[in-house]
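Per-entry structural report
If you want the building blocks of each chain, they are given just below.
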Amino acid sequence: MKIKVATIFPEMFSTLDIGILGKAKQKGLLDLQIANIRDYSADKHKKTDDAPFGGGAGMVMTPQPLHDTIKALDSEHKAKRIYLSPKGATLNQEIVERLAKEEELLLVCGSYEGIDERIIEMDIDEEISIGDYVLTGGELPAMVLINAVSRYVDGVLGSSESTSEESFASGLLEYPQYTRPAVFEGMAVPEVLLGGNHAEIAKWRYQKQIEITRQRRDDLYQKILPTLEKDKKKKGKKGE
């Protein structure tokens, strides 16, 4: 998968060279290209921002450097172009899985008070936010999106179960996880996980997912509730 990023702070993306994503890059599973918007500025001082028309606090990123960066990175508009913006749709699992099916992404990171609206109209396909709060720039949201999407690229994770069984993949939060020792500081691992009965383990984990989701994220629970009720009715009929 190809992911290109336009930013004025390319050094921030050095964190993508470590851990799972770093290994994926080394294996050629991820092709990450980070471009410095300042390199495309026609201004002799490589300026990328100016005061907003109409007045107001802060500065706005000017259109020329952004437009030229985007054109240089994606001249034929093969990539899904995304502007990381607090005005965008909130990133969720559905969006992550949809974007993971794209062959190429181009992420545009704004700074200051945002970017010139004409760039959004001319060059951007989609705006995405990572939450209802404001950051100093789009770099951290871009890294969050890259991390989330990359996990669905074949080979990046060691097992496909890592994505199929985790939180949100099924609409429910993840079940509790335990490892050795079986008893730590007087706290024991649930007995069902030690017995080797995989059917019972699966049942226990599913019930825990339901309980945790209901307790912590009622919005998710309400979405999945019709499906849970259907499953319950089916099981009831089988037991008749």
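Refer to the structure presented above.
This section reports on the structure supplied with the text.

The rules we used
- Residues numbered from 1 in each chain as written.
- Predicted model: local features only at pLDDT ≥ 70, side-chain atom pairs only at ≥ 80, totals over all residues.
- Heavy atoms only, no water.
- Core = buried A, V, L, I, M, F, W, Y, C linked by side-chain atoms within 4.5 Å.
- Buried < 20%, exposed > 50% of the residue type's maximum accessible area, 1.4 Å probe, protein only.
- Helix = DSSP H or I, 4+ residues; strand = E, 2+ residues; numbered from the N terminus.
- Contact = heavy atoms within 4.5 Å.
- Salt bridge = Lys/Arg side-chain N within 4 Å of Asp/Glu carboxyl O.
- Right-handed = clockwise from strand over helix to strand, strands pointing away.
- Pairing = 2+ DSSP bridges.
- Axes fitted to C-alpha atoms, helices over the stretch in contact; angles between N-to-C directions.
- Polar contact = N/O pair within 3.5 Å; in protein donor to acceptor, adjacent residues only side chain to side chain.

**Comments concerning the nonpolar core**
Ranked by internal contacts, the top residues of the largest apolar core, which has 28 residues, are Leu105, Leu107, Leu145 and Ile146. Breaking this core down by element, the ones donating at least two residues are strand E1 (2-7), helix H1 (19-27), strand E5 (80-90), helix H3 (93-99), strand E6 (104-109) and helix H5 (139-150). Tallying contributions element by element places H5 first for this core, with six residues. Excluding residues that lie within four positions of it along the chain, Leu107 makes contacts with Ile3, Lys4, Val5, Ala6, Ile82, Leu84, Ala142, Leu145 and Ile146. In this structure, Ile8, Ala35, Ile119 and Ile124 belong to the second largest nonpolar core, which totals 16 residues.

**So, the pattern of salt bridges**
With the rule as written, the count across this model stands at ten salt bridges. The partner of Arg81 in a salt bridge is Asp74, with the nearest N and O atoms 2.8 Å apart. In this structure Arg81 comes out as buried when scored by relative accessible area, which is 2%. One salt bridge connects Glu76 with Lys78, and the closest N-O pair in it is separated by 3.5 Å. Each member of the pair Glu76 and Lys78 is classed as exposed. Taken together, the salt bridges that share partners define one network made up of Asp74, Arg81 and Asp123.

**Here we look at the environment of Val96**
Inspection of the secondary structure puts Val96 in helix H3. The exposure class of Val96 is buried, given its relative accessible area of 5%. Not counting residues up to four positions away in its chain, the partners in contact with Val96 are Leu91, Ala148, Val149 and Tyr152.

**Considerations on the pairing of E1**
In terms of burial, E1 is a largely internal element, five of the six residues being buried. Once you follow E1 into H1 and on to strand E2 (residues 31-36), the crossover reads as right-handed. Strand direction decides the pairing type here: E1 and E6, joined by five bridges, are parallel. Its bridge partner being in E6, Lys4 is matched across the sheet by Leu106.

**Here's the deal with unusual backbone geometry**
Residue Pro181 is reached from Arg180 by a cis peptide bond, and omega for that bond is 5°. With respect to the secondary-structure elements, Pro181 resides in the loop between helix H6 (161-164) and strand E8 (183-184). Positive phi, close to 60°, is recorded for Lys46, a residue that is not glycine. Structurally, Lys46 is set in the loop between E2 and strand E3 (49-50).

**Comments concerning the environment of Thr48**
In this fold, Thr48 is placed in the loop between E2 and E3. The exposure class assigned to Thr48 is buried, which follows from its relative accessible area of 0%. Residues Thr48 and Phe168 lie 120 residues apart in sequence; the distance between their C-alpha atoms is 39 Å.

**Let's talk about the sheet that holds E6**
Pairing is parallel across the open sheet formed by five strands, whose spatial order is E2-E1-E6-E5-E7. Each of the sheet's edge strands pairs with one partner strand only, and the pair in question is E2 and strand E7 (126-129). Along the sheet, successive strands turn relative to each other by an average axial angle of 30°, direction set aside. Relative to E6, helix H2 (residues 63-73) is tilted by about 165°, and along the sheet it contacts E1, E2, E5 and E6. Helix-sheet contacts for H5 involve E1, E2, E5, E6 and E7, and the interaxial angle to E6 is about 160°.

**A word on the side chain of Glu104**
Summarising the element assignment, Glu104 is placed in strand E6. Among the polar contacts listed, one links the side chain of Glu104 to the side chain of Lys4, at a separation of 3.2 Å. Glu104 has contacts with Lys2, Lys4, Leu73, Asp74, Ala79 and Lys80, leaving out every residue within four places of it along the chain.

That's the geometry; what it means functionally is another story.
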